[in-house]
Amino acid sequence: MNDYRSRLIGCGSYLPETVVTNAELAQRVGSSDDWIVERTGIRQRHIAADGQVTSDLAEQACRRAIDHAGIDVGDVDLVVVATTTPDDTFPATATRVQAKLGIRRGAAMDVQAVCAGFVFGLAVGDNFIRTGQARTALVVGAETYSRIVDWEDRGTCVLFGDGAGAVVLQSANGDGVARGEAGWGEAPGILSTHLHSDGRFRDILYVDGGPSATQTVGHLRMSGREVFRHAVTNLAAVAEEACRANGISLNDVDWIVPHQANLRILDGIARKLGVPEGRFVITVDRHANTSAASIPLALDDAVRDGRIKAGDLVLMEAIGGGLSWGAALVRW
Ligand code: UT7
């Protein structure tokens, strides 16, 4: 019987060249390095150059992921781009990325789940592969939040940055273990994904523009404290859900690669779960919050510096506007 699983066979990321430190930003927006570091753990962010759009960042991340995976670009038959800052209202940014990479077959689509977008994109890619509808998928998180933050609002503009990260998923079949059988969790690949949304919380994190409602692009608006509270509760809960579904405990997880919004949120989750913070991959200090790009950026960091190794169990989890949140458990 076919029992396809998705293996993560490569990753890559890209950060725009320009780095803006807290000190530079604080002067402009009436804040301070101390406030930003103390409340968020952020020290700097990368900002896209004029004319550099989300698909440009995504293209670079994809090229590195394709190279890392050792595949040919022609192998890719699905491109999923998770973004809240698309190049245009349409077509999908994924189709721009597909064209820039020279991919001429398969499908390309965007996934919109804000900061949870990469986990939602992984679930889409995984499900296409598991059903046999795709064989090699690029799943990308790419954002240019510098274009939608309100630079007059010091409560939000200091929190975000631009960047992109990508992974290559490839179908693995016939490795001898079927889903649900003993040993399934030991073989490399995506073990499970867990997605949630609750649209009642729209007003605590949204953009006050859009093609249908206002015919403007709009700016990000957030009730930080409310989002903070939901983030700690929901991310702790979905981590436990992912472990329960696979019959493992959090002690079995080698690395947690969380969405990078705020160091204090990560402290809160670590405390709630009783997991030492040393098992969290943390990049928020250098990257700030890059929304859908934050997990693949952090993942690439930890894979390339050798922290995440073959056989490790990796839990990725994120929450963002919607509210939407989710987790993916992966054997590397
Ligand atoms: O990706 C998912 C979405 N985002 C998040 O997960 C973010 C979740 N929330 C947070 O990270 C935090 O709530 C923030 C970092 C946004 C804010 O931290 P906070 O401890 O909740 O601060 P606050 O918003 O309650 O503001 C405290 C004070 C206020 O002054 P008063 O009213 O106490 O006089 C703000 O006006 O800090 C002031 N403040 C600032 N001061 C200096 C707000 N932003 C700044 C700033 N610099 N940049």
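Our subject is the structure that appears above.
Residues numbered from 1 in each chain as written. Predicted model: local features only at pLDDT ≥ 70, side-chain atom pairs only at ≥ 80, totals over all residues. Heavy atoms only, no water.

## Notes on the sheet that holds strand 1 (residues 5-14)
The criterion, for reference: Only strands that DSSP links by at least two bridges are regarded as paired with each other. A run of H or I in DSSP counts as a helix once it spans at least four residues, and a run of E counts as a strand once it spans at least two, with each numbered from the N terminus. Angular values range over 0 to 180 degrees, each being the angle between N-to-C directions of two axes fitted as lines to C-alpha atoms, with helices fitted over their stretch in contact. Here, two residues are considered to be in contact whenever any of their heavy atoms come within 4.5 Å of each other.
The strand order across the open sheet formed by five strands is 1-7-6-4-5, and the pairing between neighbours is mixed. With one partner strand each, in any of the chains shown, strand 1 and strand 5 (107-111) form the two edges of the open sheet. Averaged over neighbouring strand pairs, the angle between their axes works out to 20° when direction is ignored. Lying on the sheet, helix 10 (residues 294-304) is in contact with strand 1, strand 6 (136-144) and strand 7 (162-172); it crosses strand 1 at an angle near 95°.

## Things to note about the site of the ligand
The condition is simple: By convention in this text, a residue qualifies as near a molecule or strand provided that one of its non-hydrogen atoms is within 4 Å of it. Under the rule applied, a polar contact is a pair of N or O atoms within 3.5 Å (in protein, one hydrogen donor and one hydrogen acceptor; residues adjacent in sequence only if both atoms are side-chain atoms). The method behind every accessible area is Shrake-Rupley, applied with a 1.4 Å probe, and residues are considered shielded solely by the protein chains displayed. Each residue is assigned to one of three groups, with Ala, Val, Leu, Ile, Met, Phe, Trp, Tyr, Cys and Pro labelled nonpolar, Asp, Glu, Lys and Arg labelled charged, and all others, Gly among them, labelled polar. These domain limits were set by an automatic method or by a database of domain assignments.
Around the ligand, the structure places 22 residues, and the nearest of them are Ser31, Arg39, Arg225, Asn262 and Asn289. Within the contact set of the ligand, an oxygen atom lies 2.8 Å away from a side-chain nitrogen or oxygen of arginine 39. Histidine 259 has a polar side-chain atom sitting 2.8 Å from an oxygen atom of the ligand. When the ligand sits alone it has 950 Å² of accessible area, and the protein chains cover 73% of it. Looking at side-chain class alone, the shell around the ligand contains eleven nonpolar, seven polar and four charged residues. Mapping the shell around the ligand onto the domain boundaries places at least three of its residues in each of domain 1 (2-173) and domain 2 (187-331).

## Looking at unusual backbone geometry
In this structure, the amide linkage connecting phenylalanine 90 to the following residue, proline 91, adopts the cis form with an omega of 0°. Tracing the chain through its elements places proline 91 in the loop between strand 4 (78-82) and helix 4 (93-101). Residue leucine 323 follows glycine 322 across a cis peptide bond; omega there is -10°. For leucine 323, the location among the structural elements is in the loop between strand 12 (313-320) and strand 13 (324-331). With phi around 50°, serine 291 is a residue other than glycine that occupies positive phi space.

## Brief notes about the packing of helix 7 (residues 224-245) against helix 8 (residues 263-273)
Short version of the rule: Here is the rule for angles: anything less than 35 degrees is roughly parallel, anything more than 145 is roughly antiparallel, 65 through 115 is roughly perpendicular, and the remaining ranges are oblique. Crossing handedness is read from the near helix: turned anticlockwise from the far helix by less than a right angle, it gives a left-handed crossing, and turned clockwise, a right-handed one.
Closest axis-to-axis distance for the helix 7/helix 8 pair is 9 Å, and the angle between their directions is 40°. One finds that helix 7 runs oblique with respect to helix 8. The handedness of the crossing between helix 7 and helix 8 is right-handed. Every residue of helix 8 that contacts helix 7 at Phe228, Ala231, Val232, Thr233, Leu235, Ala236, Ala239 and Glu240 is listed here: Arg264, Ile265, Gly268, Ile269, Lys272 and Leu273. Residues belonging to the contact of helix 7 with helix 8 are distributed by class as follows: nine nonpolar, two polar and three charged.

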